[in-house]
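Descriptive analysis of the structure
Listed below are the residues making up each chain.
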Amino acid sequence: MTSALRALDYEYGGGACRDACVALLGWANPLLDAGSSGPVLHRLQVAIADLHNLAGWASFDMGLLESAHRHFGRAMELARSSGNTALEANVHYRMGRVHLHYELAQDALESFQRGLPIAQASGSTLAVSILHANEAWAFAKMGAERQALRQFARAQDEFDRAETEDAPPWARFFDLADLVSIGGMVHTELARTCDVKYARTAIPLLTRAISSGGEEASRSRSFRLAALAVNYLVQNEPEQARDVGEQAIAVSGPIRSARTRDRMRPLKQEADRLRGNAAADELSSRLGEFMRSQGAA
């Protein structure tokens, strides 16, 4: 059931599954008091921790931070109790992503770094790759060019090693398209914080991620299109940016996620920077309408 709800989140956003997650937890949590022990208890703890982890992610996606932190905290407790270090590391990753979304790059980096030794202890190279990739993103937001590029190279190395790994359900989302996408996000941030030359490398990475991502990954597609449009604006190509930005808005419309709106803000900032250009002004106006409508919703 958790896998089915996770698929809904991936395609339609946290608003499509959060209520069902909370309802399922109301049924599942009392099972912990059923007196089970040994392997049965550990499997139950992992299953419920994974459900709390998804409920936290869906809450974050809807902008419900207090609920997100509560669910992540419970997921962490249960993962530790079960001895499942791979899941514990995944919770650190997700908590770091919350910080990253709200531009708390140092806090995000610390979460990812706390998760790394736990991921390494778990033996999951995919978990290590996920954390290194997100470390790179945090460093890029901080303008730490050398560290960002180094950590992303490590993420690529670990991802290659994880090719034959049987990934747990909470980490299976992280495929080659996601790795390439984060590479694109790293270069996008570096284009904004360090040197505009990184827009030239961000564009092919994001284009590749968009073309290789599954159609069911609507939210990821929205994020990637928005970042791609940012890079076109950084390169002073507003017509291209407008066309890609329109695609991002169209994809985002049906998704029940506050993050799709939030991810449009950097794009609007870059469009406003080119105020006076007809294409940039048109894109800024459309983004403003979209963000207002999503806020009202």
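We now turn to the structure provided with this report.

Definitions and limits used
Residues numbered from 1 in each chain as written. Predicted model: local features only at pLDDT ≥ 70, side-chain atom pairs only at ≥ 80, totals over all residues. Heavy atoms only, no water. Helix = DSSP H or I, 4+ residues; strand = E, 2+ residues; numbered from the N terminus. Rg over C-alpha atoms; globule rule 2.2 N^0.38 Å. Buried < 20%, exposed > 50% of the residue type's maximum accessible area, 1.4 Å probe, protein only. Areas by Shrake-Rupley, 256 points an atom, 1.4 Å probe, with all protein chains shown as cover. Lys, Arg positive; Asp, Glu negative; His and termini not counted. Charge placed at Lys NZ, Arg CZ, Asp CG, Glu CD. Salt bridge = Lys/Arg side-chain N within 4 Å of Asp/Glu carboxyl O. Axes fitted to C-alpha atoms, helices over the stretch in contact; angles between N-to-C directions. Parallel < 35°, antiparallel > 145°, perpendicular 65-115°, else oblique. Left-handed = near helix turned anticlockwise from the far one by under 90°. Contact = heavy atoms within 4.5 Å. Nonpolar A, V, L, I, M, F, W, Y, C, P; charged D, E, K, R; others polar. Polar contact = N/O pair within 3.5 Å; in protein donor to acceptor, adjacent residues only side chain to side chain. Expected span 1.5 Å × (residues − 1). Arc of directions from axis to C-beta. Core = buried A, V, L, I, M, F, W, Y, C linked by side-chain atoms within 4.5 Å. Phe/Tyr/Trp six-rings, centres within 6.5 Å; stacked < 30°, edge-to-face > 60°. Lys NZ or Arg CZ within 6 Å of the ring centre and 35° of its normal.

Another aspect to go through is the overall build of the protein. The helix and strand inventory of the protein stands at 15 helices and 0 strands. Rg of the C-alpha trace for the protein: 19 Å, near the compact-globule value of 19 Å for 297 residues, within the 12% margin. Dimensions of the protein along its principal axes, counting C-alpha atoms only, are 70 × 40 × 30 Å. When each of the 297 residues of the protein is scored for burial, the buried share is 56%. When the accessible surface of the protein is summed, it comes to about 12700 Å², and 51% of that surface belongs to carbon and sulfur atoms. Each charge sign in the protein was given a centre, from 33 positive and 36 negative side chains, and these centres are 2 Å apart.

Below, the discussion takes up the pattern of salt bridges. Following the criterion strictly, the structure yields 21 salt bridges and no others. The salt bridge involving Glu158 is made with Arg161; its shortest N-O contact spans 2.8 Å. Of this pair, Glu158 and Arg161 are both found in helix 8 (residues 145-161), 3 residues apart, which corresponds to roughly one turn of the helix. A relative accessible area of 54% places Arg161 in the exposed class. In this structure, the salt-bridge partner of Glu246 is Arg286, at a minimum N-O distance of 3.4 Å. Of the two residues, Glu246 sits in helix 12 (residues 238-252) while Arg286 sits in helix 15 (residues 278-296), which places them 40 residues apart along the sequence. On the basis of relative accessible area, Arg286 is assigned to the partly exposed category, the value being 27%.

Below, the discussion takes up the packing of helix 11 (residues 218-234) against helix 12. Interhelical geometry of helix 11 versus helix 12 gives an angle of 165° and a closest axis separation of 8 Å. Comparing the axis directions of helix 11 and helix 12 gives the class roughly antiparallel. Here helix 11 runs over helix 12; the crossing is left-handed. For the pair formed by helix 11 and helix 12, the contact residues are Ser218, Arg221, Ser222, Leu225, Ala226, Leu228, Ala229, Tyr232 and Leu233 on the first element and Pro238, Gln240, Ala241, Val244, Gly245, Gln247, Ala248, Val251 and Ser252 on the second. A per-class count over the contact of helix 11 with helix 12 returns 11 nonpolar, 6 polar and 1 charged.

Bringing the side chain of Asp9 into the picture now. Mapped onto the secondary structure, Asp9 falls in helix 1 (residues 2-12). Relative accessible area serves as the criterion here: at 3%, Asp9 is assigned to the buried category. For Asp9, the side chain forms a polar contact with the side chain of Arg219, separated by 2.9 Å. Residues within four places of Asp9 in sequence aside, it is in contact with Gly14, Cys17, Leu54, Trp57, Ala58, Asp61 and Arg219.

Turning our attention to helix 10 (residues 198-212). Spanning 15 residues, helix 10 covers 21 Å between terminal C-alpha atoms, matching the ideal 21 Å at 1.5 Å per step. All of the buried residues along helix 10 are Tyr198, Ala199, Ala202, Ile203, Leu206, Ala209 and Ile210. Each buried residue of helix 10 lies within a common arc of 140° when the element is viewed along its axis, so the set occupies one face. Relative to its buried face, helix 10 has exposed residues pointing more than 90 degrees away, namely Arg200 and Ser211. Those residues of helix 10 hidden inside the fold are in contact with helix 8, helix 9 (176-193) and helix 11.

This next bit is on the nonpolar core. In this structure, Leu126, Phe174, Val186, Met264 and Leu267 are the most contacted members of the largest nonpolar core, which totals 91 residues. In terms of residue count, the dominant contributor to this core is helix 7 (residues 125-141) (11 residues). Setting aside anything within four residues of it in sequence, one finds Leu126 in contact with Phe159, Ala162, Glu165, Ala167, Ala171 and Phe174.

Under the definition given, this model contains 5 aromatic pairs. Ring centres 6.0 Å apart and planes at 70° place the aromatic pair Phe159 and Phe174 in the edge-to-face group. Of this pair, Phe159 sits in helix 8 while Phe174 is found in the loop between helix 8 and helix 9, placing the two residues 15 residues apart along the sequence. For the pair Phe159 and Phe174, one class covers both residues: buried. Joined through ring pairs, the aromatic side chains of Trp57, Phe60, Tyr93, Phe159, Phe173 and Phe174 make up one cluster. In this arrangement the basic side chain of Arg94 is found over the ring face of Trp57, its NZ or CZ atom lying 4.8 Å from the centre. In this arrangement the basic side chain of Arg263 is found over the ring face of Phe223, its NZ or CZ atom lying 4.0 Å from the centre.

Here the focus is the packing of helix 5 (residues 85-101) against helix 7. It is at 11 Å that the axes of helix 5 and helix 7 come closest, and there the two elements cross at 20°. In terms of axis orientation, helix 5 runs roughly parallel to helix 7. Considering only the axes of helix 5 and helix 7, their crossing is left-handed. On the side of helix 5, the interface is formed by Ala89, Tyr93, Arg97 and Leu100, while helix 7 contributes Ile130, Leu131, Asn134, Trp137, Ala138 and Lys141. Looking at the contact of helix 5 with helix 7 residue by residue, the classes come out as 7 nonpolar, 1 polar and 2 charged.

Read these as spatial facts, not as claims about activity.
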